[in-house]
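A closer look at the structure
One-letter residues, chain by chain:
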Amino acid sequence: MIQKITGIHHVTALASDAQKNLDFYAGILGLRMVKKTINFDAPDVYHLYYGNENGDPGTIMTFFPFPGIRPGRKGTGQLSVTSFSIPMDSLDYWIERLKTFKISTTTPTQRFDDELVVYFQDFDGLGLELVANQKDKRNGFSYGQIPVAHAIKGFYGVTLMQDSHQRTAAMLNQLLDHQPIAEKGNRFRFSPSGKPGDLVDILQVPGGERGLGGGGTVHHLAFATANDDTQLEVRDRLTDNGVDVTQVLDRQYFHSIYFREPGGVLFEVATNPPGFAIDEPLEHLGEAIKLPPWQESNRINIEAGLVDITLNADKFRD
Ligand code: ZN
């Protein structure tokens with residue numbers, strides 16, 4: 001079977017406060033805000049995209065900040081942890097840096113070979129990890145807050161917490177081109193490439209309390225596919241196997257289909273093109289509020305309903 005799914009495209013989560021979200025991901029973690037737009041399904045709310053300097057798929061963490069959103073509950077049937085990749089020698093740097101901003105981390109633990117992991121949470125309680133490793137050959141990127149030698153390289157992977165792993169594993173393996181590549185205790189790892197950035201772990205927690213969506217939880221996980229043709233092939237594969245899939249939706253920066261995996265996590269398959277430079281030059285990504293063409297005529301009303309957010313980079317410089 002030719003691989004139509006190449007890895008992770010983006011992770012989208014729910015937040016409460018847009019400015020705090022910007023401070024955390026661009027300020028403290030040093031990611032680049034690559035797009036400031038609106039939730040296409042709820043235009044009174046921002047959709048903030050963070051990634052590497054080019055906004056490459058596989059580095060993109062996005063948020064819908066809903067002011068005053070009810071906090072969610074962590075549990076099974078959720079993407080429970082999003083992991084970022086850092087160089088092996090940078091773990092102490094990051095523990096210190098997070099401490100400076102009053103963010104506590106767990107004691108580093110070894111997971112699989114060559115992986116040292118610390119867990120922490122953003123201001124809404126979203127589960128995050130830094131995974132220090134030597135396997136990741138991608139370059140870090142820096143905007144001045146963090147020395148480039150310590151910078152986050154992109155995602156390492158994600159963890160799906162499930163009551164049992166089999167049905168989710170079967171979908172990943174049989175319909176989404178993910179192979180089982182490692183297993184330890186109750187953790188089962190899948191990937192289409194085996195590389196950092198594309199790792200999907202299922203953490204089996206039998207009898208665990210079911211998660212509830214809300215602030216500080218992940219809304220969906222998007223996988224990457226090369227183009228519109230490969231996306232339709234994946235869509236056919238899913239529908240042929242009885243999966244209920246949406247039509248292709250135009251998300252301006254990619255095209256998307258959505259479906260729920262058997263354990264309850266909302267999955268998306270997103271095309272790599274056209275990308276974030278479709279409506280603003282690469283060097284100015286994320287600076288202006290961008291709207292999809294079908295919302296341009298409402299710009300004045302939309303902008304009036306959004307709070308201004310700006311990053312005071314000096315506050316976060318090392
Ligand atoms: Zn998405």
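Bear in mind that the values here come from a model prediction, so they are computed numbers and not experimental data.

1. Some thoughts on the overall build of the protein
A count of helices and strands for the protein gives 5 helices and 16 strands. By the compact-globule yardstick of 20 Å for 318 residues, the protein fits well, its C-alpha radius of gyration being 19 Å. Taking the principal axes of the C-alpha coordinates as reference, the protein spans close to 45 × 45 × 35 Å. Long-range pairs, those at least 24 residues apart, make up 68% of the contacts in the protein with a sequence separation of at least 6. When the accessible surface of the protein is totalled, it reaches about 13,500 Å², and 51% of it is carbon and sulfur. One way to put it: in the protein the 30 positive side-chain charges average out to a point 4 Å from where the 40 negative ones average out.

2. Examining the coordination of the zinc ion
Around the zinc ion, the protein contributes the donor atoms His-10 (NE2), His-220 (NE2) and Glu-268 (OE), which lie 2.0 Å from the metal centre. Each donor residue of the zinc ion lies on one chain, and together they are spaced H-x209-H-x47-E. With a gap of 258 residues between them, His-10 in strand E1 (residues 5-15) and Glu-268 in strand E16 (residues 266-271) connect regions that are remote in the sequence. Overall, Glu-268 belongs to the buried group, its relative accessible area being 0%.

3. Here we look at the sheet that holds strand E5 (residues 78-87)
Taken in spatial order, the 8 strands make up an open sheet running E6-E7-E8-E5-E9-E12-E11-E10, and their pairing is mixed. Bordering the open sheet on either side are strand E6 (109-110) and strand E10 (179-184), each of which pairs with just one other strand. For E6 and strand E7 (residues 116-121), the ladder comprises 2 bridges, and the chain directions are antiparallel. Looking at the pairing, Thr-109 lines up with Val-117 of E7. Where helix H2 (residues 91-100) meets the sheet, its contacts fall on E5, E7 and strand E8 (127-133), and the angle it forms with E7 comes to roughly 15°.

4. Focus on the sheet that holds strand E4 (residues 60-65)
Pairing is mixed across the open sheet formed by 8 strands, whose spatial order is E2-E3-E4-E1-E13-E16-E15-E14. Two strands lie at the open edges of the sheet, namely strand E2 (32-39) and strand E14 (249-250), each paired on one side alone. As paired strands, E14 and strand E15 (residues 255-260) are joined by 2 bridges and run antiparallel to one another. For Leu-249, the partnering residue across the bridge sits in E15 and is Ser-256.

5. Describing helix H1 (residues 18-28)
Burial analysis of H1 places 9 of its 11 residues in the buried class, the great majority of the element. Three or more residues of H1 are buried, namely Ala-18, Asn-21, Leu-22, Asp-23, Phe-24, Tyr-25, Ala-26, Gly-27 and Ile-28. The N-cap residue of H1 is Asp-17: its side-chain oxygen and the backbone nitrogen of Gln-19 are 3.1 Å apart.

6. Overview of the side chain of Glu-129
Note on placement: Glu-129 falls in strand E8. One polar contact links Glu-129 to Arg-111, side chain to side chain, over a distance of 2.7 Å.

7. A word on the packing of aromatic side chains
Counting across every chain of the model gives 16 aromatic pairs. With a centroid separation of 5.4 Å and 85° between ring planes, the pair formed by Phe-40 and Trp-294 is classed as edge-to-face. Placement of Phe-40 in the loop between E2 and strand E3 (42-51) and of Trp-294 in the loop between E16 and helix H5 (299-304) is noted, with a sequence separation of 254 residues between them. Using a relative accessible area of 15% as the deciding quantity, one classes Phe-40 as buried. Note on Tyr-50 and Phe-63: the rings are 6.1 Å apart at their centroids and 65° apart in plane angle, and the pair reads as edge-to-face. Separated by 13 residues along the polypeptide, Tyr-50 in strand E3 and Phe-63 in strand E4 bring together distant segments of the chain. Judged by its relative accessible area of 0%, Tyr-50 falls in the buried class. One aromatic cluster is present, built from ring pairs that chain together Phe-24, Tyr-25, Tyr-50, Phe-63, Phe-120 and Phe-123. The ring of Phe-123 is capped by Lys-20, whose NZ or CZ atom sits 5.9 Å from the centre of that ring.

8. Some details on the pattern of salt bridges
Applying the stated rule across the entire model yields 17 salt bridges. The closest approach of N and O atoms between Asp-201 and Arg-187, which form a salt bridge, is 2.8 Å. Pair noted here: Asp-201 is in strand E12 (residues 199-204) and Arg-187 is in strand E11 (residues 187-191), with a separation of 14 residues, a long-range link. Residue Arg-187 is classed as buried on the basis of its relative accessible area, which comes to 10%. Members of the salt-bridge network, linked through shared partners, are Glu-115, Lys-135, Arg-187, Arg-189 and Asp-201.

What counts and how
Residues numbered from 1 in each chain as written. Predicted model: local features only at pLDDT ≥ 70, side-chain atom pairs only at ≥ 80, totals over all residues. Heavy atoms only, no water. Helix = DSSP H or I, 4+ residues; strand = E, 2+ residues; numbered from the N terminus. Rg over C-alpha atoms; globule rule 2.2 N^0.38 Å. Contact = heavy atoms within 4.5 Å. Areas by Shrake-Rupley, 256 points an atom, 1.4 Å probe, with all protein chains shown as cover. Lys, Arg positive; Asp, Glu negative; His and termini not counted. Charge placed at Lys NZ, Arg CZ, Asp CG, Glu CD. Donors = N, O, S within 2.8 Å, 3.2 Å for Na, K, Ca; no water. Buried < 20%, exposed > 50% of the residue type's maximum accessible area, 1.4 Å probe, protein only. Pairing = 2+ DSSP bridges. Axes fitted to C-alpha atoms, helices over the stretch in contact; angles between N-to-C directions. Polar contact = N/O pair within 3.5 Å; in protein donor to acceptor, adjacent residues only side chain to side chain. Phe/Tyr/Trp six-rings, centres within 6.5 Å; stacked < 30°, edge-to-face > 60°. Lys NZ or Arg CZ within 6 Å of the ring centre and 35° of its normal. Salt bridge = Lys/Arg side-chain N within 4 Å of Asp/Glu carboxyl O.

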